[in-house]
Amino acid sequence: QVQLIESGGGLVHPGGSLNLSCVASGTLIYIWDMGWFRQAPGKQRELVARIVRKTDDANYSDSVRGRFTMTRDVAKNTVYLQMNNLEIEDTAIYYCNANFVSADHWGQGTQVTVSS
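Residues numbered from 1 in each chain as written. Predicted model: local features only at pLDDT ≥ 70, side-chain atom pairs only at ≥ 80, totals over all residues. Heavy atoms only, no water.

Peer 1: Tell me about the nonpolar core, residues and numbers included.
Peer 2: Ranked by size, the top nonpolar core spans 27 residues in total, and within it Met-34, Trp-36, Met-70, Leu-81, Met-83 and Tyr-94 carry the most contacts. Put simply, the parts of the chain that give this core at least two residues each are β3 (18–25), β4 (33–39), β5 (46–51), β7 (68–73), β8 (78–83), β9 (92–100) and β11 (110–114). Leave out the neighbours within four places in its chain, and Met-70 touches Met-34, Gly-35, Trp-36, Ala-49, Arg-50, Ile-51, Ala-58, Tyr-60, Val-79, Tyr-80 and Leu-81. (Core = buried A, V, L, I, M, F, W, Y, C linked by side-chain atoms within 4.5 Å. Buried < 20%, exposed > 50% of the residue type's maximum accessible area, 1.4 Å probe, protein only. Helix = DSSP H or I, 4+ residues; strand = E, 2+ residues; numbered from the N terminus. Contact = heavy atoms within 4.5 Å.)

Written as structure tokens, this is what we have:
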């Protein structure tokens, strides 16, 4: 019974910061590929960042590299997405994902709105 719950979204001005959290229950987050995805209105869902299972190596999409940082806290069974220097184009619903081979689990999403 894997569940992922995102939190930390909100409304910020351009240049602001948010820290998203994804708390997992029912499994150990360390054994999964963990990812953050986002979907803006009228757009396809896209990968933002990912940490490969059993590693601390994070990969980022070109659009967020250098501004976002994904980390994992094994003790808290939680992954984070620190979002700095936010841009209007970052506005989207952000989803947490856990993937292992053919298994996929998704959180309910948290809204991030960047507006002046």
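Peer 1: How would you explain the side chain of Ser-21 if you had to name every residue and give the values?
Peer 2: Here Ser-21 is to be found in strand β3. Residue Ser-21 is classed as buried on the basis of its relative accessible area of 15%. With residues up to four places along the chain from it excluded, the contact list for Ser-21 reads Ile-5, Glu-6, Ser-7, Trp-36, Thr-78, Val-79 and Tyr-80.

Peer 1: How would you summarise the packing of aromatic side chains if you had to cite specific residues and measurements?
Peer 2: Taken as a whole, this structure holds 2 aromatic pairs when the rule is applied. Measuring from centroid to centroid gives 4.9 Å for Phe-37 and Trp-106, while their planes differ by 65°, and the two rings are edge-to-face. A residue pair is termed long-range when its members are at least 10 positions apart, and Phe-37 in strand β4 and Trp-106 in strand β10 (residues 103–106) qualify at 69 residues. Looking at Trp-106, the relative accessible area reads 36%, which means it is partly exposed. Taking NZ or CZ as reference, Arg-45 lies 3.9 Å from the ring centre of Tyr-95, over its face. (Phe/Tyr/Trp six-rings, centres within 6.5 Å; stacked < 30°, edge-to-face > 60°. Lys NZ or Arg CZ within 6 Å of the ring centre and 35° of its normal.)

Peer 1: Just give me the short version of the pairing of β9, but keep the residues and values in it.
Peer 2: Summarising burial for β9: 7 of the 9 residues are buried, a large majority. Direction of pairing for β4 relative to β9: antiparallel, over a ladder of 7 bridges. Bridging across to β9, Gln-39 finds its partner in Ile-93. Of the strand pairs in this sheet, β9 and β11 are connected by 3 bridges, and their pairing is antiparallel. Within β11, the residue paired with Ile-93 across the bridge is Gln-111. Pairing of β9 with β10 involves 4 bridges; the strand directions are antiparallel. Residue Asn-99 lies in a different strand from β10, and its bridge partner there is Asp-104. What sits between the antiparallel neighbours β9 and β10 is a turn of 2 residues, in which Val-101 has the positive phi angle 55°. (Pairing = 2+ DSSP bridges.)

Peer 1: How would you summarise a nonpolar patch on the surface if you had to cite specific residues and measurements?
Peer 2: A cluster of nonpolar residues, Leu-28, Tyr-30, Ile-31 and Val-74, forms a patch on the protein surface that exposes about 360 Å² of accessible area. By secondary structure assignment, the location of Leu-28 is in the loop between β3 and β4. Accessibility expressed as a relative area gives 58% for Leu-28, which makes it exposed. (Patch = residues over 30% accessible without salt bridge, like charges linked within 9 Å, V, L, I, M, F, W, Y side chains within 5 Å. Areas by Shrake-Rupley, 256 points an atom, 1.4 Å probe, with all protein chains shown as cover. Salt bridge = Lys/Arg side-chain N within 4 Å of Asp/Glu carboxyl O.)

Peer 1: If you had to explain the environment of Ala-58 to someone new, which residues and values would you point to?
Peer 2: Structurally, Ala-58 is set in strand β6 (residues 58–60). Among the residues examined, Ala-58 registers a relative accessible area of 22% and is labelled partly exposed. What Ala-58 contacts, discounting residues up to four positions off in sequence, is Arg-50, Ile-51 and Met-70.

It is worth stressing that arrangement in space is one thing and function is another; only the former is reported here.
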